[in-house]
Amino acid sequence: MLNDLGKLIAVQSVMGEPKEGAPFGEGPRAALDAFLEMAKGYGFTVKNENGYCGWAEIGSGKHCIGILGHLDVVPAGDGWSHPPYSLVCEDSLLYGRGVADDKGATVACLHAMKQLKEEGAPLHHRIRLIVGCNEENGSKCIEYYREHCEIPVASFVPDADFPVINSEKGILRLTLALQADKAFTQNIVAFEAGIRPNVIPDLCTVKVPKNSALYECIAALGTDSSLFKQPTAARVIVEAGYRPEDFSVHFFENELVLEARGVAGHAMAPERGENAVRKMVAFLSGMNGTKDSALIKTLAAYLALPEPQKALGVEAKDDESGELTINLGLASYRSGAMSVTLDLRLPICADHEKVTNEIRKKTGAKLVAKEWSPNLYVPKDSKLVTALLDAYHKVTGGEKTCLYCGGGTYARELPNAVAFGPTFPNLETNLHNVDESFPVELFDKLPQIYKEAITALDAAYDE
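Residues numbered from 1 in each chain as written. Predicted model: local features only at pLDDT ≥ 70, side-chain atom pairs only at ≥ 80, totals over all residues. Heavy atoms only, no water.

1. Examining the overall build of the protein
- Helices and strands together make up the secondary structure of the protein, namely 13 helices and 24 strands.
- Here the C-alpha atoms of the protein give a radius of gyration of 24 Å, agreeing with the 23 Å that 2.2 N^0.38 yields for 463 residues.
- The burial tally for the protein puts 57% of its 463 residues in the buried class.
- Put simply, 75% of the contacts in the protein that link residues at least 6 apart link residues at least 24 apart.
- Accessible surface for the protein amounts to roughly 18800 Å². Of this, 47% is attributable to carbon and sulfur atoms.
- One way to put it: in the protein the 46 positive side-chain charges average out to a point 4 Å from where the 62 negative ones average out. (Helix = DSSP H or I, 4+ residues; strand = E, 2+ residues; numbered from the N terminus. Rg over C-alpha atoms; globule rule 2.2 N^0.38 Å. Buried < 20%, exposed > 50% of the residue type's maximum accessible area, 1.4 Å probe, protein only. Contact = heavy atoms within 4.5 Å. Areas by Shrake-Rupley, 256 points an atom, 1.4 Å probe, with all protein chains shown as cover. Lys, Arg positive; Asp, Glu negative; His and termini not counted. Charge placed at Lys NZ, Arg CZ, Asp CG, Glu CD.)

This is the structure we're talking about:
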């Protein structure tokens, strides 16, 4: 099982330029090919659905039960303790991009099915493991599957937490354009942060032209990174709740480059990371040249905050799906305007149109693009949820409890589907961050849990 996982981790399956037969780039296609080759080697029936996704199947029967995993990953980023595209085991932890999200669980499901096949389990349904290549960037892969392939009678998605996620928040992505003012354009020629809307940005870079007020203000403090420990700069940084060592400066012939560093993470839980844009805006808000910029003031007052939903007046919360959250995932200044992309996770009680309108009104921004993925909610007493909870409890002894999450999984792409593992309660896997990991002992338990889940669903939906 670890050998199979290692082969998939080695593939840099980050979304790339589309090509014939590889609609999401060469990396995801290579991961799909590698997975289908594994499954075929184990005697599964396999099919490549034009590079969008693929599937591996065992058993026979009129209907199928689905398992949906994904092979694409977010970019690795910098700062890993080990090579991100090599499976490394150290101190009882498996490290590698995708080991938790979602290659690890996908391989575990493959081996659960392999065990059932080898045992000759008397299944009433075909069991189909569907693997997609675009989960991190819109799930166009499963949209394709839904339009062209067989829909399972029930499905689970091993891409979240145990025991069962029966409620997923709605996902709202807004790209806004904020007009730059004179104080901004005279002092900043470039502002860049973020790699994906659903990742907390861990680096924000700003280029400052020579002879600008901001340049002179920073140059007067020193000529290396120690300037952020000087009283003027340190006061601004510390009062904002940040550390001087999180900032650096590099001087060039005609400009200087500022960097603010944070901690990456998943947009579904902005509080677990440190947004580098927040740090940069806090610094610029206190410096000559940019402290009077209307654009910087707007960012500081509404968007670059620990909990921007409060300042924007869009707070919402309910028992079934939790609180509304906002991640400022992308920021880019070009041609006189700042483009920012917000990734919002909405509880059931929140109206995405009202939220959008309120944000536009408060910020005065132009709405450039909007994406909306509705909430998912499957009742706790449904046949699907009950079977999965029973399976989890039988193997682990854990509580039969339903959870909600801010993350969006493939469960919202097919009818009668919920997320089921692979992360155990209170386990930190550094999802979407550096040093993504998963404990070896818990990884070894996954096939047993998923094998029991398949058996339980097969019995529950036996006609």
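2. Section: the layout of surface pockets
- Of the voids in this model, the second largest pocket is the one considered here, and its volume is about 370 Å³.
- Broken down by secondary-structure element, the contributors of at least two residues to the lining of the second largest pocket are β11 (190–193) and β12 (203–209).
- Taken together, the residues of the lining of the second largest pocket sort by class into twelve nonpolar, six polar and five charged. (1 Å grid on protein atoms, 1.4 Å probe; cavity = no way out; pocket = protein on both sides within 12 Å on 5 of 7 lines; lining within 4 Å. Points joined across faces, edges and corners; volume = space filled by probe spheres on them. Nonpolar A, V, L, I, M, F, W, Y, C, P; charged D, E, K, R; others polar.)

3. Remarks on the packing of helix α3 (residues 103–119) against helix α13 (residues 440–460)
- One can describe the packing of α3 onto α13 by two numbers: an axis separation of 8 Å at closest approach and a directional angle of 60 degrees. The pairing of α3 with α13 is recorded here as oblique in orientation. Viewed along their axes, α3 and α13 form a crossing whose handedness is right-handed. Together, Gly104, Ala105, Ala108, Cys109, Ala112, Met113, Gln115, Leu116 and Glu119 of α3 and Phe443, Leu446, Pro447, Tyr450, Lys451, Ile454 and Thr455 of α13 make up the contact between the two elements.
- For the contact of α3 with α13, the class distribution of residues is eleven nonpolar, three polar and two charged. (Axes fitted to C-alpha atoms, helices over the stretch in contact; angles between N-to-C directions. Parallel < 35°, antiparallel > 145°, perpendicular 65-115°, else oblique. Left-handed = near helix turned anticlockwise from the far one by under 90°.)

4. A look at the sheet that holds strand β4 (residues 88–90)
- In space, the three strands of this open sheet follow the order β4-β5-β24, with antiparallel pairing throughout. Edge positions in the open sheet fall to β4 and β24 (437–439), since each of these has one partner strand only. Averaged over neighbouring strand pairs, the angle between their axes works out to 25 degrees when direction is ignored.
- In the packing of α13 onto the sheet, contacts are made with β4, β5 (93–95) and β24, and the angle to β24 comes to roughly 75 degrees. (Pairing = 2+ DSSP bridges.)

5. Remarks on the sheet that holds strand β18 (residues 337–346)
- In space, the eight strands of this open sheet follow the order β13-β14-β12-β11-β17-β18-β10-β19, with antiparallel pairing throughout. Single-partner strands in this sheet number two, and they are β13 (247–251) and β19 (366–373). On average, each strand axis in the sheet is tilted by 15 degrees relative to the strand beside it, whichever way the strands run.
- In this structure, strand β10 (residues 170–179) lies alongside β19, joined through seven bridges in antiparallel fashion.

6. Looking at the side chain of Asp318
- Relative to the helices and strands, Asp318 is located in strand β15 (residues 317–318).
- Here Asp318 sits buried without a salt bridge, and the closest side chain of opposite charge, Lys169, lies 8.3 Å off (N-O distance).
- In terms of polar contacts, Asp318 uses its side chain to reach the backbone amide nitrogen of Cys349, at 2.9 Å.
- Excluding residues within four positions of it along the chain, Asp318 makes contact with Pro347, Ile348 and Cys349. (Salt bridge = Lys/Arg side-chain N within 4 Å of Asp/Glu carboxyl O. Polar contact = N/O pair within 3.5 Å; in protein donor to acceptor, adjacent residues only side chain to side chain.)

7. Thoughts on the environment of Gly170
- Relative to the helices and strands, Gly170 is located in strand β10.
- Classification of Gly170 as buried rests on a relative accessible area of 0%.
- Along the chain, Gly170 and Ser321 lie 151 residues apart, while their C-alpha atoms are 9.3 Å from each other.
- When residues no more than four places from it in sequence are discounted, the contact partners of Gly170 are Leu344, Arg345, Leu346, Trp372, Ser373, Pro374, Asn375 and Arg412.

8. Quick notes on empty space enclosed by the protein
- Counted under the stated rule, the structure contains one cavity of 30 Å³ or more.
- The space that makes up the largest cavity amounts to roughly 70 Å³.
- Around the largest cavity, the lining residues are Pro270, Asn275, Val277, Arg278, Leu303, Ala304, Leu305, Pro306, Pro308, Ile326, Asn327 and Leu328.
- Of all the secondary structure elements, the ones that give two or more residues to the lining of the largest cavity are α8 (276–284) and β17 (325–334).

9. Quick look at the packing of helix α12 (residues 383–396) against α13
- Interaxial distance between α12 and α13 falls to 8 Å at its minimum, and their mutual angle equals 140 degrees. For α12 against α13, the interelement crossing comes out right-handed. Counting all contacts with α12, which are made through Lys383, Leu384, Ala387, Leu388, Ala391, Lys394, Val395 and Thr396, the residues of α13 involved are Gln448, Ile449, Glu452, Ala453, Ala456, Leu457 and Ala460.
- In terms of residue class, the contact of α12 with α13 is built from ten nonpolar, two polar and three charged.

10. Some points on the pairing of strand β2 (residues 53–58)
- Of all six residues making up β2, six are buried, and the element is well covered by its neighbours.
- Burial of β2 is two-sided: the residues Cys53, Trp55 and Glu57 facing one way and the residues Gly54, Ala56 and Ile58 facing the other way are all buried.
- Bridge count for strand β1 (residues 45–49) against β2 is five bridges, and the pairing is antiparallel. Paired with Thr45 across the strands is Glu57, a residue of β2.
- Hairpin connection, β1 to β2: the antiparallel pair is bridged by three residues, and Asn50 has positive phi, about 55 degrees.

11. What about unusual backbone geometry?
- For the peptide bond that leads from Asp101 to Asp102, omega is 5 degrees, which places it in the cis range.
- Along the chain, the position of Asp102 falls in the loop between β5 and α3.
- Of the consecutive residues Phe162 and Pro163, the connecting peptide bond is found in the cis state with omega at 5 degrees.
- Residues other than glycine seldom take positive phi values, yet Asn426 does so here, at roughly 65 degrees.
- Structurally, Asn426 can be placed in the loop between β23 (422–423) and β24.
- Unlike most non-glycine residues, Asp435 shows phi in positive territory, near 55 degrees.
- Relative to the elements of secondary structure, Asp435 occurs in the loop between β23 and β24.
- What makes Asp435 buried here is its relative accessible area of 15%.

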